[in-house]
Amino acid sequence: MAILNILKYPDPILKRKADPVTQITDEVRRLIDDMAETMYEAPGVGLAAPQIGRSARVIVIDVNSKEEGKRELVCMVNPEIIEQRGETVWEEGCLSVPDYTADVRRAERVVVKGLDRNGKEEVIVGEGLLSIVFQHEIDHLNGVLFIDRLGPIKRDLIRRKLRKQARVESI
Ligand code: NI
């Protein structure tokens, strides 16, 4: 396993729609393992393949990431929201948008269908934080960041600050 570099906004890969995985090979399983290790190390509660520079529809999630004894890894290939219900607001952050959090409105409950690491279909019901993280990670697969879901004034303010920060760091 390996810890991978997490891309930061405004890296253009983060804006790209990721490709579906056509076959679950050992390479895909290795990607899942590396992504999980990277997520735990960060630490974060979710990670999508575009965040580590891979255009593949693969996500890993663990809402108990920070409590080692309670960890429960969810990994899904080609995830798809097949049902959603209710509305809720959570304060979100993102490993690709460091040092910023904002309230984002999302569905309260989602049902997500995809493939597990062995290519078997899995259907997972997400409620509470798990629902939020599923939606956040699937957004990543579609090139959408949480800051894209904010109102225009807040979004522009955050984008400006982040671009300035990126320029400073690249000097
Ligand atoms: Ni994120």
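Here, the structure is the one placed above.
The rules behind the values
- The written sequence of each chain sets the order in which its residues are numbered from 1.
- Residues qualify for local features only when their pLDDT is at least 70, as the model is predicted, and side-chain atom pairs are given and counted only at 80 or more; totals for whole chains, interfaces and linings, by contrast, use all residues.
- The side-chain values count all of the structure's non-hydrogen atoms but skip hydrogen atoms and water molecules.
- In this analysis, strands are considered paired if DSSP registers two or more bridges between them.
- By definition, any uninterrupted DSSP run of H or I lasting at least four residues is a helix, any uninterrupted run of E lasting at least two residues is a strand, and each is numbered from the N terminus.
- All axes are obtained by fitting lines to C-alpha atoms, using only the stretch in contact for helices, and the reported angles, taken between N-to-C directions, cover 0 to 180 degrees.
- Here the term donor refers to an N, O or S atom within 2.8 Å of the metal (or 3.2 Å for Na, K and Ca), and because water is left out of the atoms, sites may appear incomplete.
- Each helix should span, by expectation, one fewer than its residue count multiplied by 1.5 Å.
- Note on exposure labels: buried denotes an accessible area under 20% of the residue type's maximum, exposed denotes more than 50%, and partly exposed covers the range between, all computed with a 1.4 Å probe on protein chains only.
- Note on contacts: a residue pair is in contact if any heavy atoms of the two residues lie within 4.5 Å.

Q: Give me the lowdown on the sheet that holds strand S1 (residues 46–48), citing residues and values where you can.
A: Taken in spatial order, the five strands line up as S1-S2-S3-S6-S7 in an open sheet, and their pairing is antiparallel. In this open sheet, the two edge strands, each paired with only one partner strand, are S1 and strand S7 (121–127). On average, each strand axis in the sheet is inclined to that of its neighbour by 40 degrees, with strand direction left out of account. Summarising the sheet, strand S3 (residues 74–85) and strand S6 (residues 109–115) pair through six bridges and their orientation is antiparallel. Looking across to S6, one finds that Glu83 is bridged to Val111.

Q: Could you give an account of the coordination of the nickel ion, with specific residues and numbers?
A: Within the protein, Cys94 (SG), His136 (NE2) and His140 (NE2) serve as the donor atoms for the nickel ion, at 2.1 to 2.2 Å. The sequence pattern formed by the donor residues of the nickel ion is C-x41-H-x3-H. With His136 and His140 both in helix H2 (residues 129–141) and four residues apart, the pair spans about one turn of that helix.

Q: Hey, could you go over helix H1 (residues 26–41) for me, with residue numbers and the actual values?
A: With 16 residues, H1 extends 22 Å from end C-alpha to end C-alpha; this agrees with the ideal 22 Å at 1.5 Å per step. Buried residues of H1: Val28, Leu31, Ile32, Asp34, Met35, Ala36, Thr38, Met39 and Tyr40, and no others. Next to the buried residues of H1 lie S1, strand S2 (58–61) and S3.

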